[in-house]
Structures are given as C-alpha cells and as structure tokens.
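Next come the chains, spelled out residue by residue.
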Amino acid sequence: MGLQLVKNIDMPELPEVENYRIYLEDTSMNRLITGIEIVDQRLIKVPEDVLQNELINKSFVSSRRIGKYLFISTSGTQILVVHFGLTGNLEFYKDVEDRPKYAQVLFHFNDGFTLAYLSRRKFGWIDLANDIENFRKTKKLGRDATEIAFEEFYEPIKKSKAPIKSKLLDQKYFAGIGNWIADEILYQSKLHPKSMAYRLTKQDFKLLFEKMQHILAVALQHHAVFEEFPEYFLIHNRKDGGTCYHTGDDLVRIEVGGRGSYVSPEWQEKK
DNA sequence: TCCTATGTTGTCAT
DNA sequence: AATGACAACATAGG
C-alpha cells in the first residue's frame, strides 16, 4: 500500500512535492490516459489541443522531482511538468461524487480512475517538456537542494549583497527551499534572515548547509507532517504569538525580500 | 473592509 | 551583463 496523502497540505516546498510524487507513483503509473479535462485554461502553458494530442492514449511511466518541480515521463515523447505554486495537491479517485474541490486539470484513465491536479489559488501550472535537463537549464532551475555538495551551495551566493534569506529562496542556485524552510534553516543556524550573504563566513555557510540538509532529511522522513518534527523546529511556533523554543522570547514577524519571516531576535544574529 | 498566504516571473533601476 | 528590488498574478480565509 502506498502513502496515504494527508489532505489539504497547502505548502508545496521540496518535501511536500516529494509526497505528491510518491502518491503519483503509488496510484497513477502505467494506466492508459483516455481523456484530459482542463477547468481553467490559464493553468496550462501549452494549448489544450497540444496537451490532449501528446498525452491521450499514452501513460505515465516514471517520475522525478527537482526542487518544487515534478516531472512525469510518459510513454510518448513528452514529459509532463507540474508545479504547485502556493497551493496544490494531487488526488486520485474513481467515483464522480469524489471529485475534489479545486480540481483544475484531470487525467482520466481507461479503468475509470482519475488523477486530479488541484490548485486552489491557481498559482500553479502544467507544462510539457522534451527533456528534463534542457528544461532545467532553460528555466534557470538549480539542482535539487538534497543533491548538491557544499561548494555548489557556497560558491554562487557567498559574495551576494542580498539578504541571505533571499539567496536561500532563489531557485536558480539550488532548488526546493521555500519560505518556511528558509526560516527554519536560519533559525537553526542562529542567523538573522536579513544578514547580507557577503558578510557571512565560510563557517556560517557550512552551518547553513548542514542545517539545510538536516531539515530536508527530517521533513522527507516524516512526509512533511510537521507535527512529527523535533520540538526544536521553528515551524511549531512559526506564527503570530509564537515563542522561541530556546529563549522563550516572542517571535517577531518581519518582512525580508517581500516575504513574511519569523525571527527570534536574541537567538538569531544579524551580520 | 483590509490583510495575509508555504511561489514564480516580468519589469525596472542600478 | 548581471544583480537586486518589487509588483503582479488569482483566490480564500481570518
């Protein structure tokens, strides 16, 4: 039996997208696609007839995730590229009355089952690609954050004059870090998100890299169910009124690079 | 009514 | 050319 997806997890960062990938693998592979239903045309980056022509009478055969992007290889020549934006999910079902709310693109299989791509806020999208590596380079998408070595983390961002948090969030250096994970990395590294990258030492970057790997490993291990994360994780308290696990101080919400950020001011040093 | 939301992309200024 | 700041995108919920 496959992973039972927790419903309505709307936080598609690297670990959550890995959940969707496993769910896809457990439900939807090697079934003949007989119809594709598109509810809102704006969510697909190719014309509807192209999507139909390339995928109907084909099947999904394998999947790969890079950062927050899901690539689904098919028995045809095209690879389906799926991004969840700020909200999204996949849901596999059979009965019409089980059709999920916010379904935007539906792949109907010949055995009566359907895989639905959900997008509540419609910031996600679906595209086609010929080749994953080519797509990755064209779209300036970095390698997956779980696969990079320290030098690949450190070299591209060490001299940047932007806040370190903005660099962690930039998908072109390494891919998969989103807003809560960036806050988590900085909290566990005891560094303030507004610290300029170029002011950090190599030791700071080593710490950031280790914490990034640790946080991703924990989140993947627990299938992104944060209630199961260790209690020293910021995410348990990352909300208005939350307090720092280490100091007991109130967490402060600030804005960094246009993104809401939670900080424990005494705990996290601004450099 | 106003504000926020876990992401990406295009535009503009430096 | 490259970098960084910021608005825009669409919708729901507090």
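Residues numbered from 1 in each chain as written. Chains lettered and ligands numbered in written order. Predicted model: local features only at pLDDT ≥ 70, side-chain atom pairs only at ≥ 80, totals over all residues. Heavy atoms only, no water.

With respect to the pattern of salt bridges
Applicable threshold: One speaks of a salt bridge when a side-chain nitrogen belonging to Lys or Arg is within 4 Å of a carboxyl oxygen belonging to Asp or Glu. Here the term buried applies to any residue with accessible area under 20% of the maximum for its type, exposed to any over 50%, and partly exposed to those in between, with areas from a 1.4 Å probe on protein chains only.
The tally for this structure, following the rule as stated, stands at 16 salt bridges. Notably, a salt bridge pairs arginine 42 with aspartate 40, separated by 2.6 Å at the nearest N-O pair. Across the pair glutamate 152 and arginine 143 runs a salt bridge, and its minimum N-O distance is 2.6 Å. Residue classification places arginine 143 among the partly exposed residues on the basis of a relative accessible area of 32%. Through salt bridges with shared partners, a single ionic network connects Glu18, Arg21, Glu25, Arg65 and Asp144.

Things to note about the sheet that holds strand E6 (residues 103-109)
As a reminder, the rule being used: In this scheme, strands are said to pair when DSSP sees at least two bridges between them. Helical segments are the DSSP runs of H or I of at least four residues, strand segments are the runs of E of at least two, and each set is numbered from the N terminus. Axes here refer to lines fitted to C-alpha atoms; in helices the fit is confined to the stretch in contact. Angles between the N-to-C directions go from 0 to 180 degrees. Note on contacts: a residue pair qualifies if any of its non-hydrogen atoms lie within 4.5 Å across the two residues.
Taken in spatial order, the four strands of this open sheet run E1-E6-E7-E5, and their pairing is antiparallel. In this open sheet, the two strands that pair with only one neighbour each are strand E1 (33-38) and strand E5 (89-93). Taken pair by pair, the neighbouring strands of this sheet meet at an average axis angle of 15 degrees, ignoring direction. Each of E5 and strand E7 (114-118) touches helix H1 (residues 14-27); the most contacted strand, E5, lies at about 20 degrees to it. Most of the contacts of helix H2 (residues 48-55) go to E1, to which it runs at about 165 degrees, and overall it touches E1 and E6.

Section: the packing of aromatic side chains
This is how it is decided: For Phe, Tyr and Trp, rings pair up if their centres lie within 6.5 Å, where Trp contributes its six-membered ring, and each pair is then called stacked (planes under 30 degrees apart), edge-to-face (over 60) or tilted (otherwise). To sit over a ring, a charge needs its Lys NZ or Arg CZ within 6 Å of the ring centre and within 35 degrees of the ring normal.
The tally for this structure, following the rule as stated, stands at 19 aromatic pairs. Note on tyrosine 20 and phenylalanine 84: the rings are 4.5 Å apart at their centroids and 55 degrees apart in plane angle, and the pair reads as tilted. Of the two residues, tyrosine 20 is situated in helix H1 and phenylalanine 84 in the loop between strand E4 (79-83) and E5; the sequence distance between them amounts to 64 residues. Between phenylalanine 60 and phenylalanine 109 the ring centres are 6.2 Å apart and the planes differ by 85 degrees, which places this aromatic pair in the edge-to-face class. Of this pair, phenylalanine 60 sits in strand E2 (residues 60-66) while phenylalanine 109 sits in strand E6, and the two are 49 residues apart along the sequence. Phenylalanine 109 matches phenylalanine 60 in its accessibility class, with the two residues each being buried. A cation over an aromatic ring shows up here: arginine 121 above the ring of phenylalanine 123, its NZ or CZ 5.2 Å from the ring centre.

Some words on the environment of glutamate 25
Looking at where glutamate 25 falls in the secondary structure, it is placed in helix H1. Discounting chain neighbours no more than four positions away, the residues touching glutamate 25 are Ser62 and Ser63.

Let's talk about the protein's contact with DNA strand B
Let me state the cut-off plainly: When we say a residue is near a molecule or strand, we mean one of its heavy atoms is within 4 Å of it. Pairing of N or O atoms within 3.5 Å defines a polar contact, subject to two protein rules: one partner must be a possible hydrogen donor and the other a possible acceptor, and residues neighboring in sequence count only if both atoms are side-chain atoms. Gly counts as polar in this scheme, as do all residues outside two lists: the nonpolar Ala, Val, Leu, Ile, Met, Phe, Trp, Tyr, Cys and Pro, and the charged Asp, Glu, Lys and Arg.
The environment of DNA strand B is formed by 17 residues, the closest being Met11, Lys68, Asn179, Arg253 and Arg259. What you see for DNA strand B is that sugar and phosphate hold 62% of its atoms within 4 Å of the protein. One nitrogen or oxygen atom from the side chain of arginine 121 is found 3.2 Å from a base nitrogen belonging to DNA strand B. One of the side-chain N or O atoms of arginine 253 is found 2.6 Å from a phosphate oxygen in DNA strand B. Every element with two or more residues in the surface near DNA strand B is listed here: helix H6 (179-188) and strand E12 (259-263). A breakdown of the residues in the surface near DNA strand B according to their chemical character gives five nonpolar, six polar and six charged.

So, the protein's contact with DNA strand C
Near DNA strand C, the surroundings consist of Arg42, Tyr102, Arg120, Arg121, Lys122, Phe123, Ser160, Lys161, Ala162, Pro163 and Lys167. Contacts to DNA strand C include arginine 42, whose side-chain N or O atom sits 3.3 Å from a phosphate oxygen. In this structure, lysine 122 approaches DNA strand C through a side-chain N or O atom, which is 2.5 Å from a phosphate oxygen. Here the residues of the surface near DNA strand C are counted per class, giving four nonpolar, one polar and six charged.

A look at the pairing of strand E3 (residues 69-74)
In terms of residue burial, E3 counts as a mostly covered element, since six of its six residues are buried. Where burial is concerned, the two faces of E3 agree: the one with Tyr69, Phe71 and Ser73 and the one with Leu70, Ile72 and Thr74 are both buried. Between E2 and E3, which follow one another and run antiparallel, lie two residues, and glycine 67 among them has a positive phi close to 60 degrees. In this sheet, E4 lies alongside E3 in antiparallel orientation, the contact comprising five bridges. Pairing of serine 73 across the sheet is with isoleucine 79, part of E4.

Some remarks on the sheet that holds E4
Overall, antiparallel pairing links the four strands, which are arranged E2-E3-E4-E8 in an open sheet. The open sheet has two free edges, formed respectively by E2 and strand E8 (125-129), since each of these has just one partner strand. The sheet shows a mean angle of 25 degrees between the axes of neighbouring strands, direction not considered. The sheet strands contacting H1 are E2 and E3, and the helix crosses E2 at an angle near 170 degrees. Against the sheet, H2 engages E3, E4 and E8, with an angle of about 55 degrees to E8.

Just geometry here; none of it tells us what the structure is for.
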